Amino acid sequence: MTDGSVLPGRDDDPDRLYTITKGRSRAPENAFDLVTLIVAERQPTPGMQSEHVRILRMCEAPTAVVEVAAELALPVSVVKILLGDLLESGAVTARHPRFATNKARLPDLDTLKQVLHGLQRL
């Protein structure tokens, strides 16, 4: 397939990616996975790297790591490194759905019983 189309983040210039990550090839261990929600905790500051600025602006509302990568058209591995920078500086917080409180994850028993009775009546 040589129609000239490329997938975002797949054939980026290696020199550009090296520059964006300042030569780093790994994000902080276990800090993020694809569904980790990123939330900006402050506004961009003058002199910030442009990718960091874009991340902070798009994460004013909780945004998944995979969505950030897609929006930036960068490989997830590169985005994780950038997010690691922001997390370390306190500019973002990372929340994983599996770490939500138990009450937030599961409905109470009464709700489940009502749903079951409603289904049985159908």
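Residues numbered from 1 in each chain as written. Predicted model: local features only at pLDDT ≥ 70, side-chain atom pairs only at ≥ 80, totals over all residues. Heavy atoms only, no water.

### Let's talk about unusual backbone geometry
Part 1 of the reasoning: We note that alanine 73 has phi near 55 degrees; this positive angle belongs to a residue other than glycine.
Part 2 of the reasoning: Topologically, alanine 73 is positioned in the loop between α3 (65-72) and α4 (76-89). (Helix = DSSP H or I, 4+ residues; strand = E, 2+ residues; numbered from the N terminus.)

### Some remarks on the side chain of glutamine 49
Part 1 of the reasoning: Following the sequence through the fold, glutamine 49 ends up in the loop between β1 (37-40) and α2 (50-58).
Part 2 of the reasoning: Separated by 3.1 Å, the side chains of glutamine 49 and glutamate 51 make a polar contact. (Polar contact = N/O pair within 3.5 Å; in protein donor to acceptor, adjacent residues only side chain to side chain.)

### Description of the packing of α2 against α3
Part 1 of the reasoning: α3 packs onto α2 with a crossing angle of 125 degrees between their chain directions and a minimal axis gap of 11 Å. Here α2 is positioned oblique relative to α3, judged by the angle of their axes. Crossing of α2 over α3 shows right-handed handedness. Residues Arg54, Ile55 and Met58 of α2 touch α3, and the partners they reach there are Val68, Glu71 and Leu72.
Part 2 of the reasoning: Grouping the constituent residues of the contact of α2 with α3 by class yields four nonpolar, no polar and two charged. (Axes fitted to C-alpha atoms, helices over the stretch in contact; angles between N-to-C directions. Parallel < 35°, antiparallel > 145°, perpendicular 65-115°, else oblique. Left-handed = near helix turned anticlockwise from the far one by under 90°. Contact = heavy atoms within 4.5 Å. Nonpolar A, V, L, I, M, F, W, Y, C, P; charged D, E, K, R; others polar.)

### A few points about the confidence of the model for the protein chain
Part 1 of the reasoning: When pLDDT is averaged across the protein chain, the result is 78; 66% of the residues are at 70 or more.
Part 2 of the reasoning: Confidence drops under pLDDT 50 across residues 6-11; counting only partners more than four residues distant or on other chains, this segment forms five contacts. (pLDDT = per-residue confidence, 0-100.)

### Description of the sheet that holds strand β2 (residues 63-64)
Part 1 of the reasoning: Within the open sheet, the three strands sit side by side as β2-β1-β3. Their pairing is antiparallel. Two strands lie at the open edges of the sheet, namely β2 and β3 (92-95), each paired on one side alone.
Part 2 of the reasoning: Summarising the sheet, β1 and β3 pair through four bridges and their orientation is antiparallel. Counted as the bridge partner of alanine 40 is valine 92 from β3. (Pairing = 2+ DSSP bridges.)

### With respect to the nonpolar core
Part 1 of the reasoning: Of all hydrophobic cores here, the largest spans 18 residues; its most connected members are Ile38, Ile55, Val79 and Leu83.
Part 2 of the reasoning: When near neighbours in sequence (up to four residues on either side) are disregarded, leucine 83 contacts Phe32, Ile38, Ile55, Val65 and Val92. (Core = buried A, V, L, I, M, F, W, Y, C linked by side-chain atoms within 4.5 Å. Buried < 20%, exposed > 50% of the residue type's maximum accessible area, 1.4 Å probe, protein only.)

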